[in-house]
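Here are the chains, one letter per residue:
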Amino acid sequence: MSSATKDNFKSFNIDLWKYDGQKGALIPLLQSAQDTYGYISEKAIDYISHVTGIASADIYGVVTFYAQFRTKPLGKYVVKVCNGTACHVNGAKMISDTIIDELNIDYEETSEDHNFSMLSVACVGCCSLAPVVVVNDETYGRLTAPKLRKILRQYKQRAKKEQQSSEGQA
Amino acid sequence: MKTVKVGLGTCGISAGGEKVYQAFQDELKEHPDAFVLKETGCIGMCYREVLVEVSNGSGTGYTYGEVTPDRVGRIVEDDLLGHQAIDEWIVGGDTEEGYFENQKRIVLRNCGVIDPGSIDEYIASGGYEALKKTLTEMTPEDVITEVETSGLRGRGGGGFPTGTKWKFTRGAKGDKKYIICNADEGDPGAFMDRSILEGDPSAVLEGMAIAGYAVGADEAYVYCRAEYPKAIARLRQAIAQAKKKGFLGDKIFGSDFSFNIKIKEGAGAFVCGEETALIHSIEGLRGMPRFRPPFPAQSGLWGKPTNINNVETFANVPWIILNGGSAYAAFGTENSKGTKVFAMAGKIRRSGLVEVPMGISINDIIFDICGGIIDDKRFKAVQMGGPSGGCIPAEMCDTKIDYQQINKTGAIMGSGGLVVMDETTCMVDVAKFFLTFTQSESCGKCTFCRIGTKRMLEILERICDGQGTMEDLANLEELSNQIIEASLCGLGQTAPNPVLTTLKYFRHEYEAHIKEKKCPAHVCPALLTYTINDDCTGCTVCAKACPTDAITGEKKELHVVHQDKCIKCGKCFTVCRFDAVVKD
């Protein structure tokens, strides 16, 4: 990598990534990159390659292997549908159908206004509350289609309000 | 003064535990001398969350179930200030009959009892005594003998004898050795490792240190799922506190033994539960398994001898050292000693965590401990071992909890996920569910696992869509055997189990899908008929939602589904707010 590219990396905060040359640091580096930016950009891959000496292609291989890493940013509200066994037998399909219908996005998709993303997770570990949906950090359990619709509509309104107030400020 | 403990495991938090905790904190501001507020992990009764334990100075107490922030005011007013317990909210008595009596809690001894954030509480309950005993009174060989006597077997699913594993690593040549704790609990429907890490993280760390002494390792990793943020936070806290107290670090208890533990967060890959894949992941590579031998005991992390055990296995170790291997071996059967923790989920009344002595029957767990099936529906099957396991039909649930006995049914003990299914669960759909999971989690290294599972999944999808043929069933069996034969690691070798066991015990359900084009459990969408019943208010929402205009009806009048136009997308069912759309 040329020194010219190095200058482009100024916006990345290396301290945040706590790398001091130790072995096996690639995954923690990627995790902190994603924590900071919400996703792994091409630039982040190049930067990590530059710091660690691991080829960008190898890093991309690792990024795409693990479910945790994303190469695209997520929406403001991330709706995670639990697809663990308990949720599955208790109606996770009904949950995802409802979200698809209400938010117009499918798994791994983000709405056009960037307000919502829908993800599938394999068990959030509160099987006794199945079926479960997690919106950002808030967990909603024992859901029915009408209950979920109500929750999603509240988020829609919240997103709309937030948008209006930020536009107002601007 | 009374002590109030709020259960703040992930399940407790999901049920609103933090809000309850906050409500108690607010009350505490008004009545600062009324009580002491603490948090604790999961006691296992997830079905009654949020749980709040009230105890007096001498430690005796009782627990309130289903506490909401609204109820906190009355608990403070009546109980903590007025000293009048609110009987109708207390957990126990008839509703919980048999729940605790039939359990034997060794691994879960501290879960939901102590504050997992406080090492002092762990020490007060006998914590780090076992490590002290190990380092001051025992040789590494003594430790291994004790674990061998206990008969402890790997609780992650494999069931390999733990003492033997330690012996191999001890015997391996090398100047540097590692201990790894496998906390990559990826099996959907299993959450016991998470609860242990959240409720009693120090017990796992102590078990690891004892293992380190036994095999001659001075460095260790906990490889934990990133999806378990609370567990990771608890571990970090427990490691920091143990270092401060001198239980981890250099020259522990004045001996020559040094031991350090680091945490590695997994990045979401089920295959990383396999030990060689896990090692690759710690090394920063794609988590793909490799051929064994050499086993990790000879050449593991960075090529050094490495001993890998699962969370529950390590959590057993301090108890075994303190109470003796033979005390542990007193529980269980000839081949399966001690206890096992199960995560109970699905159509069961009391879902949550239970720990039982080996040798009791599956029926005992489901009916005596967990109160049977929700709504008294017909019990159909139990799924054990997650995606690697199988479905055991109700008729065979007098099978004992024992590695060999369970293997005989075609399922496996697995890590301890036990999902109970009733008459409303479609077994073909369950098989499809697990295969969807293993298919997407296959790392792609072995052709049969990568492509074979895909072909199997396509066949299952076809059957669920009503397009299957009887030949498909033979193909499923053939493909299954080939995948088992030609896959390198446990993921591929066991992926067909859910299909094989459902084919063996529930073949009639497959045949109903194929021959009669019916899903007996009314689950598979393509084989359903949607109708509207008298609860319809005529709100027109379903008619508007229907993409093919198959629903007609006047406003405020009963609507009708025209079957010739219906594409069975189920949209009407999800939009109806009055439960008026019925599927059959």
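Residues numbered from 1 in each chain as written. Chains lettered and ligands numbered in written order. Predicted model: local features only at pLDDT ≥ 70, side-chain atom pairs only at ≥ 80, totals over all residues. Heavy atoms only, no water.

S.K.: Mind showing me how you'd approach the overall build of chain B here?
M.R.: Helix and strand counts for chain B stand at 23 helices and 18 strands. The C-alpha atoms of chain B give a radius of gyration of 26 Å, which matches the 25 Å a tight globule of 584 residues would have. Based on the C-alpha atoms only, the size of chain B along its principal axes is roughly 85 × 65 × 40 Å. Here chain B holds 584 residues, and the buried ones make up 59% of them. Pairs at least 24 residues apart make up 70% of the contacts formed inside chain B by residues separated by at least 6 positions. (Helix = DSSP H or I, 4+ residues; strand = E, 2+ residues; numbered from the N terminus. Rg over C-alpha atoms; globule rule 2.2 N^0.38 Å. Buried < 20%, exposed > 50% of the residue type's maximum accessible area, 1.4 Å probe, protein only. Contact = heavy atoms within 4.5 Å.)

S.K.: Quick question: what am I supposed to make of the pattern of salt bridges here?
M.R.: Opposite charge on two side chains permits them to pair, given that their charged atoms come into close proximity. On inspection of all chains with the given rule, the structure shows 38 salt bridges over all chains. Notably, a salt bridge pairs Asp101 of chain A with Arg149 of chain A, separated by 3.1 Å at the nearest N-O pair. Of the two residues, Asp101 of chain A is situated in helix α6 (residues 92-103) and Arg149 of chain A in helix α7 (residues 145-169); the sequence distance between them amounts to 48 residues. The salt bridge partner of Asp120 of chain B is Lys245 of chain B, with a shortest N-O separation of 3.0 Å. Taken as a pair, Asp120 of chain B in helix α4 (residues 119-124) and Lys245 of chain B in helix α10 (residues 229-245) lie far apart in primary sequence, 125 residues in all. We classify Lys245 of chain B as partly exposed; its relative accessible area is 43%. One network of salt bridges, with partners in common, ties together Asp101, Glu102, Arg149, Arg153 and Lys156 of chain A together with Lys571 of chain B. (Salt bridge = Lys/Arg side-chain N within 4 Å of Asp/Glu carboxyl O.)

S.K.: Explanation requested: the side chain of Glu198 of chain B in the structure shown.
M.R.: Residue and element names in this part refer to chain B. Following the sequence through the fold, Glu198 ends up in helix α8 (residues 192-199). Judged by its relative accessible area of 2%, Glu198 is buried. Looking at Glu198, its side chain comes within polar contact range of the side chain of Thr10, at 2.5 Å. (Polar contact = N/O pair within 3.5 Å; in protein donor to acceptor, adjacent residues only side chain to side chain.)

S.K.: I would appreciate a short explanation of the sheet that holds strand β10 (residues 339-346) of chain B in the present structure.
M.R.: Each strand in a sheet pairs with another by means of backbone hydrogen bonds, the pair being arranged parallel or else antiparallel. Residues and elements named next belong to chain B. The five strands lie next to each other as β11-β10-β14-β12-β13, forming an open sheet whose pairing is mixed. On the outer flanks of this sheet lie β11 (352-357) and β13 (390-393), each paired with one strand and no other. Ignoring which end each strand starts from, the neighbouring axes of this sheet average 30° apart. In terms of strand pairing, β10 meets β11 through six bridges, oriented antiparallel. Looking at β11, one finds that Ala343 is bridged to Leu353. Packing against the sheet, helix α16 (residues 427-441) makes contact with β12 (379-384), β13 and β14 (417-422), and its axis sits at approximately 15° to β12. (Pairing = 2+ DSSP bridges. Axes fitted to C-alpha atoms, helices over the stretch in contact; angles between N-to-C directions.)

S.K.: Can you walk me through the interface of chain B and chain A in this structure?
M.R.: Accessible area lost during the coming together of the parts is what is often quoted as the interface size. Chain B puts 49 residues into the contact, and the matching count from chain A is 39 residues. Regarding the contact of chain B and chain A, the summed buried area is about 3400 Å², with carbon and sulfur atoms giving 59% of it. On the chain B side of the interface with chain A, the three residues burying the most area are Ala267, Arg286 and Thr574 of chain B, jointly 18% of the side's total. The interface formed by chain B and chain A includes two salt bridges. Two residues, Glu138 of chain A and Lys19 of chain B, come together in a salt bridge whose shortest N-O distance is 3.1 Å. Joining chain B to chain A, the criterion identifies 16 residue pairs in polar contact (both at pLDDT 80 or more). Those elements that provide at least two residues to the side of chain B that touches chain A are α1 (10-14), β8 (260-265), α11 (275-282), β10, β14, α16 and α23 (571-575) of chain B. Tallying contributions element by element places α16 of chain B first for the side of chain B that touches chain A, with five residues. Here the residues of the side of chain B that touches chain A sort into 26 nonpolar, twelve polar and eleven charged. (Buried area = accessible area lost by both parts, 1.4 Å probe. Nonpolar A, V, L, I, M, F, W, Y, C, P; charged D, E, K, R; others polar.)

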